[in-house]
There are 4 protein chains.
Amino acid sequence: MKKFTFIYKVPWVDTDALGIVHFSNYFRLCERTEQELFNSLNLEGEEIFLPRVHAKCDYRYPLKFNQNAKVMMHILEIGRRHITLDYEIWNDDENKLSAHCTIVVVPVDKDMKSADLNENIIKKLSEYVDDQKK
Amino acid sequence: MKKFTFIYKVPWVDTDALGIVHFSNYFRLCERTEQELFNSLNLEGEEIFLPRVHAKCDYRYPLKFNQNAKVMMHILEIGRRHITLDYEIWNDDENKLSAHCTIVVVPVDKDMKSADLNENIIKKLSEYVDDQKK
Amino acid sequence: MKKFTFIYKVPWVDTDALGIVHFSNYFRLCERTEQELFNSLNLEGEEIFLPRVHAKCDYRYPLKFNQNAKVMMHILEIGRRHITLDYEIWNDDENKLSAHCTIVVVPVDKDMKSADLNENIIKKLSEYVDDQKK
Amino acid sequence: MKKFTFIYKVPWVDTDALGIVHFSNYFRLCERTEQELFNSLNLEGEEIFLPRVHAKCDYRYPLKFNQNAKVMMHILEIGRRHITLDYEIWNDDENKLSAHCTIVVVPVDKDMKSADLNENIIKKLSEYVDDQKK
């Protein structure tokens, strides 16, 4: 299984008064990684929106200002009507797993109506699908 | 079981290009509600920090700019070393459940070391604990 | 001159690793106050968007988690094609001026094309206009 | 005069219900650029904090999801007790100036007390100082 990797430099605004990245920002980082994955596959032109129906993170170790977060992403499941995305977010400076997140998205059109993922998207994403699920 | 209720007026900045509240902002709203709960119990002076170890939301229905989100919160579990918080977030203008979230927090001191919840906090929070768990 | 007042309880996520409200969040608080002003005047139904063309803040004193920010807002200038908004943001717990901000907005329609403020909006907002400018 | 350049890919969360980057996020992008400048000069280890005392932006043209913002930054003034930073933020996909921002920062120590910028920082930053101000 291939994983998509994205490095994110922690900005000051992501930190909170405990000096660590706020837990809500991990979800934003997951989405930021998904954006880079779609760009890398030239899928950014597809007129598809993917609202989240489920999102969760387990937090293990903090990230601090200016540290590198390394996100390793793959796809747990993909179908015409949903994609289940899996993210390991590492504190790359300290080589510790910072969080493990899962997000389920469903395709809709611009009017927020259910839509099918087209074959092109499914095919291109397939290289990141968990082997055991193929 | 008593639920703690908090009304939140959706600000413009919480919306995204689909015109709905970004999924990450639901987690922030949960935390904002927790803050109000603690204030209502005069617990804000306790020198306790509660980092999240787990957070999840299931999304059902969107929230838009200037709508009222009504958060109904209660406690699923409380122990010396964790609290499991449950949130129903309603689109109050349309009387629809917008999201259902669960967050698990663990007490630490200012140096991010594990700490015990003191009896005062546990006692005050107990009125919001799910009856079936008592 | 009448000022519009809005109280805002500082949430955890607004703070940064220095333990104070991040400077960008003052701009969001200004916008949040403007929303409340428009709601108080029953202007929320007007199909008008007000993108910012200028925004500035001078920062004097920090705001911390769970403190009350008291925003005192009035209108410096209003015309068909712009409104200049003035905000004093107070740290109400310590009775210190935290920041002074000015924001200039211009009306556009949903397609981002220039539009005129209608008479109803101008009339309702006029009670908050700086007397010396009338 | 040398300018420091930083490319920023607009994430979904930065957009609002008008489909454009929220005005407050330009200030965050300025700070993100400053972080990269400091890293590029190996100044990230300096135990200096630089709270903002003044921040302003003039907005000219929108930025949308997944567009590249190109930030061109230089220093208008630098002294022992302040730095005035200047940012041109371009919509690089459409080759339009999106915003022009100015931020004034003052050095403090970890206890938020005024501090001097040390010679090392001033020297390293000097290559980005506006020639006419030297």
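Predicted model only: the values in this text are computed from it and were never measured. (Residues numbered from 1 in each chain as written. Chains lettered and ligands numbered in written order. Predicted model: local features only at pLDDT ≥ 70, side-chain atom pairs only at ≥ 80, totals over all residues. Heavy atoms only, no water.)

### Re the confidence of the model for chain A
When pLDDT is averaged along chain A, the result is 93; 98% of the residues meet or exceed 70. Predicted as a complex, the structure gets a pTM of 0.96 and an ipTM equal to 0.95. (pLDDT = per-residue confidence, 0-100.)

### Here's the deal with unusual backbone geometry
Even without being a glycine, N42(A) presents a positive backbone phi close to 55 degrees. Looking at the element boundaries, N42(A) is found in the loop between α1 (23-40) and β2 (52-59). Using a relative accessible area of 55% as the deciding quantity, one classes N42(A) as exposed. For N66(B), which is not glycine, the phi dihedral falls at a positive 75 degrees. (Helix = DSSP H or I, 4+ residues; strand = E, 2+ residues; numbered from the N terminus. Buried < 20%, exposed > 50% of the residue type's maximum accessible area, 1.4 Å probe, protein only.)

### Focus on the relation of the copies chain B and chain A
For the pair chain B and chain A, the relating rotation is 180 degrees, the translation along its axis is 0.0 Å, and the fit reaches an RMSD of 0.0 Å. In the structure described here, the two chain copies are related by an operation that fits a two-fold rotation axis. Closest to the rotation axis within chain B is the C-alpha of K56(B), separated from it by 2.0 Å. (Least-squares fit on C-alpha atoms with pLDDT ≥ 70 in both.)

### Some points on the side chain of S98(A)
Residues and elements named next belong to chain A. Within the element layout of this structure, S98 appears in strand β5 (residues 96-105). According to the relative accessible area criterion, S98 is buried, its value standing at 0%. Setting aside chain neighbours within four positions, we find S98 in contact with Y26, D58, Y59, R60, Y61, P62, L63, I89, W90 and N91. (Contact = heavy atoms within 4.5 Å.)

### Things to note about the sheet that holds strand β2 (residues 52-59) of chain C
Ordered by their spatial adjacency, 10 strands build an open sheet running β1(C)-β3(C)-β4(C)-β5(C)-β2(C)-β2(D)-β5(D)-β4(D)-β3(D)-β1(D), and the pairing between neighbours is antiparallel. Two strands bound the open sheet, and with one partner strand each, they are β1 (4-9) of chain C together with β1 (4-9) of chain D. Each adjacent strand pair in this sheet contributes to an overall mean axis angle of 20 degrees, direction not counted. When strand β3 (residues 68-79) of chain C meets strand β4 (residues 82-91) of chain C, the two strands line up antiparallel, connected through 10 bridges. From the neighbouring strand, A69(C) faces β4(C), where its bridge partner is N91(C). (Pairing = 2+ DSSP bridges. Axes fitted to C-alpha atoms, helices over the stretch in contact; angles between N-to-C directions.)

### Some points on helix α1 (residues 23-40) of chain B
Residue and element names in this part refer to chain B. Given a rise of 1.5 Å per residue, 18 residues ought to cover 26 Å, and the 27 Å separating the end C-alpha atoms of α1 matches this to within 8%. Burial within α1 is extensive, with 17 of its 18 residues counted as buried. Residue N42 follows α1 closely and has a positive phi angle near 55 degrees. (Expected span 1.5 Å × (residues − 1).)

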